[in-house]
Each structure stands twice: as structure tokens, then as C-alpha cells.
Amino acid sequence: MSDSIRLHAIFAALGHETRLALVDHMVNGDGERKTVNELADLCGISPPETSRSLKKLWEAGIVDRKRMAVPGKKGMVVLYSLSGETLQNSLCDVAHLFRLTPCASRA
């Protein structure tokens, strides 16, 4: 996938208030992986809307998801966290695109 297509997908995913709020909470939170319900509570939005938004962020590579068993409970839970590598690379690509100070990987 070309840099421009990847950046378009990332900016499109971040171009919605709910998705941006989720990323903001993940960036400024405690750094722990969170469930859909935990993120919904933090952002004050419904779990279905949170789930749809997280799917878009995952498809753009902005968040990672990990399916885990919960001790003492049946079934699995999906935990979400930021994909730091994707964000860092994208910010470097944007800096390079606008000829700002280059990142170490672009120097």
C-alpha cells in the first residue's frame, strides 16, 4: 500500500469526532488495554457506536485488538490499544510530506 493511500485511510478514520475522542482517551489514558464497554464509558457513547468506531480505527491500523480469556468468566473479551508504530510512522510521513523536520527514520 502506498504512503498516500495509507495516510488517507488514517486521516479518514481520524476525521470523525467519536473516533478522535477514542484515540484521545487512549493516548492520554493509563496505557492499559480497554474493552469496548470501558471505552464507551470513558467517552460517554453507546457500546455499539464505540464498537463501530473501533472497527474503523482497527481497519486503518490505528488501534490493535487482542482477544483474551477473562479469568472466572465464560467466553472471550476483546481488548483495544493504540498501535504506536502505525501512529509514529504516519506522523513521520506527514512531516516528510510537508517538508518539516525529518524523523530519524527519514533522515
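A short tour of the structure in this document, coming up.

1. Topic: the overall build of the protein chain
In terms of helices and strands, the protein chain carries 5 helices and 2 strands. Taken from the N to the C terminus, the helices and strands of the protein chain come in the order α-α-α-α-β-β-α. Seen through its C-alpha atoms, the protein chain measures out along the principal axes to roughly 50 × 25 × 25 Å. Counting only residues that meet the buried cut, the protein chain has 33% of its 107 residues in that class. Considering only intrachain contacts with a sequence separation of at least 6, the fraction spanning at least 24 residues in the protein chain is 49%. Of the roughly 7,200 Å² of accessible surface on the protein chain, 55% is carried by carbon and sulfur atoms. Averaging the locations of the 14 positively and 12 negatively charged side chains of the protein chain gives two centres separated by 7 Å.

2. Examining helix H3 (residues 36-43)
Looking at H3, one finds that the buried residues are Val36, Leu39, Ala40 and Cys43. One side of H3 carries all its buried residues, which in axial view fall inside an arc of 105 degrees. As for H3, its buried residues are in contact with helix H2 (17-28), helix H4 (47-59) and strand S2 (76-82). Phi turns positive one or two residues past the end of H3, at glycine 44, with a value near 70 degrees.

Cut-off values and rules
- Residues numbered from 1 in each chain as written.
- Predicted model: local features only at pLDDT ≥ 70, side-chain atom pairs only at ≥ 80, totals over all residues.
- Heavy atoms only, no water.
- Helix = DSSP H or I, 4+ residues; strand = E, 2+ residues; numbered from the N terminus.
- Buried < 20%, exposed > 50% of the residue type's maximum accessible area, 1.4 Å probe, protein only.
- Contact = heavy atoms within 4.5 Å.
- Areas by Shrake-Rupley, 256 points an atom, 1.4 Å probe, with all protein chains shown as cover.
- Lys, Arg positive; Asp, Glu negative; His and termini not counted.
- Charge placed at Lys NZ, Arg CZ, Asp CG, Glu CD.
- Arc of directions from axis to C-beta.

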